[in-house]
Amino acid sequence: LSLQSMVTAANALAEIHPQLEQDRLLAPQHIDAVFAATTLDELKEFVERYMHRLLSTTREMRKSGHNKVVEKTKAYIDNHYHRCITLDTIAKEVFVAPVYLSFLFKQVEGVNLSDYITHVRLERAKHLLQHTSCKTYEIASQVGYEDEKYFSRIFKKKVGMTPTEFRNQFKN
């Protein structure tokens, strides 16, 4: 039962964090230690240390900003920012509950998911404003905003100037 718990925990951690390898998380010496335990207390102590080590690894991975679910989420946003995307649609794509995705994204990235989507859209809009002659309403639509006025309001709030002012600063 203890070895099964260790395998389950290691599998879960490897699934969440792509750069961790199963062999590193549950190495042969860990399995040997389970079989070498001569009393239940020894086994319990070893499994507790092992689980604490996995917990520490998980905490470090969160701090380092590497997480498979979050990376998939960011890739989905990068590829679909021009569409209507919501927490629910993204959560379905990465196979987690919306509440958990929101929590995890904030933990790993340090920013709310909706703020990240806005950032991606505005960065693309800035690029289009600098490198194309598209109208503001066309750019708004291309980056996922159907309402040009809302797009302009968000742009001004986040960038500090209107889309037209932003474009004009690069013309001179």
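Residues numbered from 1 in each chain as written. Predicted model: local features only at pLDDT ≥ 70, side-chain atom pairs only at ≥ 80, totals over all residues. Heavy atoms only, no water.

Below, the discussion takes up unusual backbone geometry. At F95, a position not held by glycine, the phi torsion is positive, near 60°. By the element assignment, F95 lies in the loop between α6 (87–94) and α7 (98–109). F95 sits in the exposed class, given a relative accessible area of 72%. (Helix = DSSP H or I, 4+ residues; strand = E, 2+ residues; numbered from the N terminus. Buried < 20%, exposed > 50% of the residue type's maximum accessible area, 1.4 Å probe, protein only.)

Within the fold, S141 resides in helix α9 (residues 136–142). Note: C-alpha distance between S141 and F151 (ten residues apart in sequence) is 9.0 Å. When residues no more than four places from it in sequence are discounted, the contact partners of S141 are H82 and E146. (Contact = heavy atoms within 4.5 Å.)

We now examine the packing of α6 against α7. Between α6 and α7, the shortest axis-to-axis distance is 9 Å and the interhelical angle comes to 90°. The angle between α6 and α7 falls in the class roughly perpendicular. For the pair formed by α6 and α7, the contact residues are L87, D88, I90, A91 and V94 on the first element and P98, L101 and S102 on the second. The residue makeup of the contact of α6 with α7, split by class, is six nonpolar, one polar and one charged. (Axes fitted to C-alpha atoms, helices over the stretch in contact; angles between N-to-C directions. Parallel < 35°, antiparallel > 145°, perpendicular 65-115°, else oblique. Nonpolar A, V, L, I, M, F, W, Y, C, P; charged D, E, K, R; others polar.)

Relative to the assigned elements, T73 resides in helix α5 (residues 68–80). Classification of T73 by relative accessible area gives buried; the value is 0%. In this view, T73 contacts I90, V94, L101, F105 and L113; residues no more than four positions away in its chain are not counted.

Read these as layout, nothing more, since geometry by itself doesn't imply function.
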